[in-house]
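Analysis of the macromolecular model
Chain by chain, the residues:
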Amino acid sequence: MSLVSGPGRGGVAAGLPQELSLYMDKHVSYIQSLDRRKDEREYWLTEHLRLSGLYWGLTALHLLGHPDALPRSQVIEFVLSCLHENGGFGAAPGHDSHMLYTVSGVQILATLDAFDELEARVQGGRLKIGQLVDIAGLQDAETGTFAGDEWGERDTRFLYGAFNALSLLGLLHLINVDKAVGHIQSCANFDGGYGTSPGAESHSGQVFTCLAALTIAGRLDLVDQDKLGAWLSERQLKNGGLNGRPEKKEDVCYSWWVFSSLAMLNKQHWIDGDKLANFILQCQDPQMGGFSDRPGDMVDVFHTCFGLAGLSLLKFPGLIEVDAVYCMPRAVTKRCLSK
Amino acid sequence: MASHGIARSAGSGVRSEAARRIELQQIETYKDLVGLVNTKVAERQYTVEVLALTTKLLTENPEYYTIWNHRRRILQKLLSDTAPDEPKFTSDQFIEQLITDDLQLTYKLLRGFPKCYWIWNHRNWILRNGEALLDAPTSRKLWLGELQLVSKMLQADNRNFHAWGYRRFVVAELQRLTQADEVPPEGPSLTESEFEYTTKMVNTNLSNFSAWHNRSKLIPRLLDERKADDTARRKLFDDELSLVCSAINTDPFDQSIWYYHQFLMSTLSPDCPRQSQIVLSHSNQDRGSYYEHEMEYIRDILEDETDCKWIYEALLTIACSYLEVSVGTNPFTTSDMHDWLEALQRLDPLRKGRWDDWRRSLNL
């Protein structure tokens, strides 16, 4: 069970629907169809994204209220086939382990409530994922930040990944949280935002990772909330869509990075939610299902997940509640974090 | 990562049977190459030939991160071989050749995939690893070449944040190398030339916030390096203010410029951290007169541009800062603040909730 992550084929260059509604059934069948595209080159060229693709697809289905639309046992089977001896997950069988896919692997297992299956199949599996190379071993002892893998690329994305996966596994104590929090603070800029590393420009994706990590650590007191909220609110453009940085174009995935950040700061009302919902709905493919970055573009499972997550956070009728910090169903994170 | 900006019509329609057959053939060829590389690497055949196979595969799919890892496994082996089986090279030449080959490959790929994390990361890796094996002048030459590469990338897309991040990294590496050298470098320091670079970039395009941002990080360092005294610091601060004020006058609707103005104003605050400060010795009197001066300038622009919300936001923000240091008689009234907030609510309904919250917190 694995889903293609690349752009969709078959979307018709149709005009936008007259009345903007959410094509729930179309999105379910679009995601289901992603496993059946092995005769397309794109399926093979995006194998390096497979496990994240599965997380995006599964999360979207859960938010759509169709948690069983993908066969659970086959999903678990595929996820575990990506697990390495070192405790990390690769994007697909035969792909090296990396923080990005380790987080996706843990998120999928958490969503499916499958940590017990993990333990049954891999003895001490949870601790192994947490303890070995891929998460706790990747923290930079000097700066507190995290590498993505043994080859050393460092970025606040990986720091958030570690916080996300370890907190779901109940193993946050394995890392030096204070040191990591200090590193996040050193990435803060005058505009209240955060970059990939100290000195880097504020970027909505990075703001999400830093804010979510601080939320998990219970340290939102360190954030200049009014300044950051103001900066985030200025990401909304006239058409309702959100961009990632000043003077850039809007994109559905920022409906998630920006709006979830505003939610963590309790400032959702600092932008126009109706206009944002309207923009996201315009990015649907009304015939084939799925969401694209902007109206009329090719759809893919990445934008489908973040479009739906944005709508869920906007409390769009019919969708299951999403957790702003984890981008997973709220019921799932409640279950994991209460353990 | 995902498809950005590809029109839906581009992929529409059903494939003809012939097109489908061609695509299936392409898939087979691609999968064969993947299989071959994975087999050879599993057999630890870390050779120049297998390196060439990874080149071929990465050229087809530069997002395939595991193949970059394989490439590094092969390179680690080849770089540590003291007696290469390539007789035409000496060992040093062989190492330099391997490194420059990878720089060329990644450059070629970056032009097609300028936002691919894995390519930038590999470039960084090859240079860091090369540095340990090459003599100091050679590796310095390579790092200097990186500045030219980044400039080319930023010419193609002046907001590419990978390129800006890499640029800061390269500068830090070069500065580290310089510090390690016994001989002081000739010519101006890199902080100076980087500052000049941001001047060039903002002069080309005022809305390049990436350049403004970098400038905000460079200035405090520049002044420390120059060991600037109070007069020099004040001069630079005033120059920056007049640069950004004339930019505001040119295009008051551009948020990049306003953010830089906010940065300059934020350095006046008593809470500004040392590493971001420009002038180190502001008294509240100074602050007050800067705030007054800025308000006067911005109010002048208001006469021609009554519909620009950034003007009202700036006036209100500066008014709040002014009240915090509270010196002398306010150059504005509560009724002015009330009017500015009204204007924000009228001109910018998208952020209505934010203006409402602000009104409440100011008791207006």
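Every chain's residues receive numbers from 1 upward, in the order its sequence appears when written. By the order in which they are written, chains take letters starting at A while ligands take numbers starting at 1. The predicted nature of this model means local features are confined to residues of pLDDT at least 70 and side-chain atom pairs, given and counted, to a pLDDT of 80 or more, with totals for whole chains, interfaces and linings taken over all residues. Derived side-chain values reflect all non-hydrogen atoms in the structure, with water molecules and hydrogen atoms excluded from consideration.

**Quick look at the overall build of chain A**
When its secondary structure is counted, chain A shows 15 helices and four strands. At 19 Å, chain A has a C-alpha radius of gyration in line with the 20 Å of a compact globule built from 339 residues. The dimensions of chain A, computed from C-alpha atoms along their principal axes, are 55 × 45 × 35 Å. By the convention used here, residues are in contact when the closest approach between their heavy atoms is within 4.5 Å. Sequence-distant contacts, at least 24 apart, represent 67% of the contacts inside chain A between residues at least 6 apart. Labels follow the DSSP assignment, with helices taken as runs of H or I lasting at least four residues and strands as runs of E lasting at least two, numbered in each case from the N terminus. With C-alpha atoms as the basis for the radius of gyration, the globule rule is written as 2.2 Å multiplied by the number of residues raised to the power 0.38.

**What about the interface of chain A and chain B?**
Contacts between the two partners involve 74 residues from chain A and, on the opposite side, 62 residues from chain B. Throughout, buried area stands for the accessible area (probe radius 1.4 Å) lost by two parts on being put together, summed over both. Between chain A and chain B, a total of about 5,800 Å² is buried, with carbon and sulfur atoms accounting for 52% of that surface. Area buried by chain A at its contact with chain B is led by A:W151, A:F190 and A:E234, which between them contribute 15% of it. Salt bridge, as applied in this entry: a Lys or Arg side-chain nitrogen positioned within 4 Å of an Asp or Glu carboxyl oxygen. Summed over the shared surface of chain A and chain B, the number is nine salt bridges. With a closest N to O distance of 3.0 Å, B:R15 and A:D39 form a salt bridge. Among the elements of the structure, helix 2 (41–45), helix 5 (99–111), helix 11 (225–233), strand 2 (299–300) and helix 14 (301–313) of chain A are those that each provide at least two residues to the side of chain A that touches chain B. Under this grouping Gly is polar, as are all residues other than the nonpolar Ala, Val, Leu, Ile, Met, Phe, Trp, Tyr, Cys and Pro and the charged Asp, Glu, Lys and Arg. A per-class count over the side of chain A that touches chain B returns 26 nonpolar, 19 polar and 29 charged.

**Observations concerning the side chain of B:R287**
Residues and elements named next belong to chain B. Tracing the backbone shows R287 in helix 12 (residues 284–302). Put simply, R287 is tucked away with no salt bridge, and the nearest opposite charge, on D286, sits 7.4 Å away. For R287, the contacting residues outside a window of four places in its chain are L268, S269, P270, H282 and V325. Relative accessible area decides the class of each residue, using a 1.4 Å probe on protein chains only: under 20% of the type maximum gives buried, over 50% gives exposed, and in between gives partly exposed. Under the counting rule used here, the positive set is Lys and Arg, the negative set is Asp and Glu, and His together with the chain ends is not counted.

**Some thoughts on the environment of B:N38**
Residues and elements named next belong to chain B. Tracing the sequence through the fold places N38 in helix 1 (residues 17–42). Put simply, N38 and W358 are 320 residues apart on the chain and 59 Å apart in space, counted from C-alpha to C-alpha. Once residues within four sequence positions are removed from consideration, N38 is found in contact with Y64, I67 and H70.

**What about helix 12 of chain B?**
Because an α-helix packs 3.6 residues into every turn, residues spaced three or four apart end up facing the same way. All names here are of chain B. Taking 1.5 Å per residue as the helical rise, helix 12 with its 19 residues ought to reach 27 Å, and the 27 Å between its terminal C-alpha atoms agrees with that figure. D286, R287, G288, Y290, Y291, E294, M295, I298, I301 and L302 are the residues of helix 12 that are buried. Here the buried face of helix 12 lies against helix 10 (230–250), helix 11 (255–266), helix 13 (309–325) and helix 14 (334–347). Between the first and last residue of a helix there are one fewer steps than residues, each counted as 1.5 Å, and that sum is the expected span.

**As for the pattern of salt bridges**
In this structure the tally under the stated criterion is 46 salt bridges over all chains. Across the salt bridge formed by A:R72 and A:E117, the nearest N and O atoms sit 2.7 Å from each other. Highlighted residues: A:R72 in helix 4 (residues 72–81) and A:E117 in helix 6 (residues 115–121), separated in sequence by 45 residues. Judged by its relative accessible area of 34%, A:R72 is partly exposed. A:E117 gets classed as partly exposed once you look at its relative accessible area, which sits at 28%. We note a salt bridge from A:D113 to A:R335, for which the minimum N-O separation is 3.2 Å. Of this pair, A:D113 sits in the loop between helix 5 and helix 6 while A:R335 sits in helix 15 (residues 330–337); the two residues are 222 residues apart in sequence, bridging distant segments of the chain. Classification of A:R335 as partly exposed rests on a relative accessible area of 24%. Among the charged side chains, a network of salt bridges with common partners joins A:D39, B:R15, B:E17, B:R20, B:R21 and B:E23.

**A short note on the confidence of the model for chain A**
One rule of thumb: low pLDDT means the predicted coordinates there are not for detailed reading. A score between 0 and 100, pLDDT records how confident the predictor is in each residue. Model confidence for chain A is summarised by a mean pLDDT of 93, while 94% of its residues fall at 70 or above. Across residues 9–18 of chain A, confidence stays below pLDDT 50; counting only partners more than four residues off in sequence or on other chains, it has 23 contacts.

**Quick word on the environment of A:T156**
Residue and element names in this part refer to chain A. Inspection of the secondary structure assignment puts T156 in helix 8 (residues 156–169). T156 sits 28 residues away from I184 along the chain, and the two C-alpha atoms are 7.5 Å apart. Ignoring anything within four residues of it in the chain, the contact list for T156 reads H183, C187, G195, T196, Q206, T209 and C210.

**Some details on the packing of aromatic side chains**
All names here are of chain A. In this scheme Phe, Tyr and Trp rings, the latter by its six-membered ring, pair at centre separations within 6.5 Å, and the angle between planes marks the pair as stacked below 30 degrees, edge-to-face above 60, and tilted otherwise. Applying the stated criterion to the full structure yields 23 aromatic pairs over all chains. With a centroid separation of 4.7 Å and 45 degrees between ring planes, the pair formed by W257 and F306 is classed as tilted. Linking W257 in helix 12 (residues 252–264) with F306 in helix 14, this pair joins segments that are 49 residues apart in sequence. One exposure class covers both W257 and F306, and it is buried. An aromatic cluster is present here, built from W56, Y160, F208, W256, W257, F302 and F306 joined pairwise through their rings. By definition, being over a ring means that NZ of Lys or CZ of Arg is both within 6 Å of the ring centre and within 35 degrees of the ring normal. One residue, R235, lies across the ring of W231, its end atom 4.4 Å from the ring centre. One cation-aromatic arrangement involves K267 over W270; the distance from NZ or CZ to the ring centre is 4.5 Å.

**Some thoughts on helix 8 (residues 190–204) of chain B**
Residue and element names in this part refer to chain B. Its 15 residues place the ends of helix 8 21 Å apart at the C-alpha level, agreeing with the 21 Å of an ideal helix rising 1.5 Å per residue. Taken together, the buried positions of helix 8 are occupied by L190, T191, E194, F195, Y197, T198, T199, M201 and V202. Where helix 8 is buried, its residues contact helix 6 (136–156), helix 7 (161–180), helix 9 (209–225) and helix 10. Whenever two N or O atoms come within 3.5 Å, that pair is a polar contact, provided that in protein one can donate a hydrogen and the other can accept it, and provided that, for residues adjacent in sequence, both atoms are side-chain atoms. Among the residues of helix 8, the N-terminal cap falls to S189, whose side-chain oxygen and the backbone nitrogen of T191 are separated by 3.3 Å.

**Considerations on the packing of helix 6 of chain B against helix 8 of chain B**
All names here are of chain B. Packing of helix 6 against helix 8 leaves a shortest axis separation of 13 Å and a crossing angle of 15 degrees. Considering their axes alone, helix 6 and helix 8 lie roughly parallel with respect to each other. Read as a crossing pair, helix 6 and helix 8 show a hand that is right-handed. Contacts between helix 6 and helix 8 involve L147, S151 and L154 on the former and, on the latter, L190, E194, Y197 and M201. Residues that form the contact of helix 6 with helix 8 fall into these classes: five nonpolar, one polar and one charged. What counts as an axis is a line fitted to C-alpha atoms, over the stretch in contact for a helix, and the angles between N-to-C directions run from 0 to 180 degrees. Note that the term roughly parallel is reserved for angles under 35 degrees, roughly antiparallel for angles over 145, roughly perpendicular for angles of 65 to 115, and oblique for everything else. Whether a crossing is left-handed or right-handed is set by the direction in which the near helix is turned from the far one by less than a right angle, anticlockwise for left-handed and clockwise for right-handed.

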